[in-house]
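What follows is each chain in one-letter form.
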Amino acid sequence: MDSADFAALPSGHAMTAAATCVLLLWLARTAGLRSLGWNTAGAAAVLITATACFTRLFLGVHWLTDTLVGTLLGGAVAAGAIAALAPATHLRRVPDTDGAGIGG
């Protein structure tokens, strides 16, 4: 069995899971995924990332801090990529077409 005896900060598995989920959520949002699908996708993203973190802890190959830092770093890298790519690809947020508007 592996152990977390050596430096393993950040967890690459947690970082990859978080970055992938954030990027896929961004793509789903730009494609116009609606309310129920958006909530389901968000819940799935959280579950996938949490599962990646849990498996690293369960197998004893990372500490909790390794997985937390990996998750935060993965999310930050994905957010940076989105910030850099959004203007270049001319992707815009899907307009609100249900007529409710802000706060409605």
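Definitions and cut-offs
- Residues numbered from 1 in each chain as written.
- Predicted model: local features only at pLDDT ≥ 70, side-chain atom pairs only at ≥ 80, totals over all residues.
- Heavy atoms only, no water.
- Helix = DSSP H or I, 4+ residues; strand = E, 2+ residues; numbered from the N terminus.
- Contact = heavy atoms within 4.5 Å.
- Expected span 1.5 Å × (residues − 1).
- Buried < 20%, exposed > 50% of the residue type's maximum accessible area, 1.4 Å probe, protein only.
- Phe/Tyr/Trp six-rings, centres within 6.5 Å; stacked < 30°, edge-to-face > 60°.
- Lys NZ or Arg CZ within 6 Å of the ring centre and 35° of its normal.
- Lys, Arg positive; Asp, Glu negative; His and termini not counted.
- Salt bridge = Lys/Arg side-chain N within 4 Å of Asp/Glu carboxyl O.
- Polar contact = N/O pair within 3.5 Å; in protein donor to acceptor, adjacent residues only side chain to side chain.

Asks: So what about the environment of Ala-45? Which residues, and what values?
Replies: In this structure, Ala-45 sits in helix H2 (residues 35-58). Sequence-wise, Ala-45 and Leu-25 are 20 residues apart; in three dimensions their C-alpha atoms are separated by 7.9 Å. Other than its neighbours up to four places away in sequence, Ala-45 contacts Cys-21 and Leu-25.

Asks: Account for helix H1 (residues 12-30), naming residues and giving values.
Replies: Structurally, the α-helix is built with 3.6 residues per turn, so residues lying three or four positions apart point the same way. In a regular helix each residue adds 1.5 Å, so 19 residues correspond to 27 Å; H1 covers 27 Å between its end C-alpha atoms and thus fits that length. Every buried residue belonging to H1 is among Ala-14, Ala-17, Ala-18, Ala-19, Cys-21, Leu-25, Trp-26 and Ala-28, and all of these are buried. Looking one or two residues past H1, Gly-32 carries a phi angle of roughly 95°, positive in sign.

Asks: Tell me about the packing of aromatic side chains, residues and numbers included.
Replies: Applying the stated rule across the entire model yields 1 aromatic pair. Each ring, one from Phe-54 and one from Phe-58, has its centre 5.8 Å from the other, and the planes form 25°; the classification is stacked. Separated by 4 residues within a single helix, Phe-54 and Phe-58 lie in helix H2, roughly one turn from each other. Considered together, Phe-54 and Phe-58 belong to a single accessibility category, that of exposed residues. Sitting above the plane of the Trp-38 ring, Arg-29 keeps its charged end 5.0 Å from the centroid.

Asks: Can you tell me about the side chain of Asp-66, naming the residues and giving the values?
Replies: Along the chain, the position of Asp-66 falls in helix H3 (residues 64-89). Buried charge without a salt bridge: Asp-66, with Arg-56 as the nearest opposite-charge side chain at an N-O distance of 9.9 Å. A distance of 3.4 Å separates a polar atom in the side chain of Asp-66 from a polar atom in the side chain of His-62. With residues up to four places along the chain from it excluded, the contact list for Asp-66 reads Ala-8, Leu-9, Pro-10 and Ser-11.

Asks: Summarise H2; cite the residues concerned and give the values.
Replies: Across its 24 residues, H2 extends 34 Å between first and last C-alpha, which sits within 8% of the 34 Å expected from 1.5 Å per residue. Listing the buried residues of H2 in full gives Ala-45, Thr-49, Ala-52, Cys-53 and Arg-56. Positive backbone phi, at 80°, marks Gly-60, one or two positions downstream of H2.

Read these as geometric descriptors, not functional statements.
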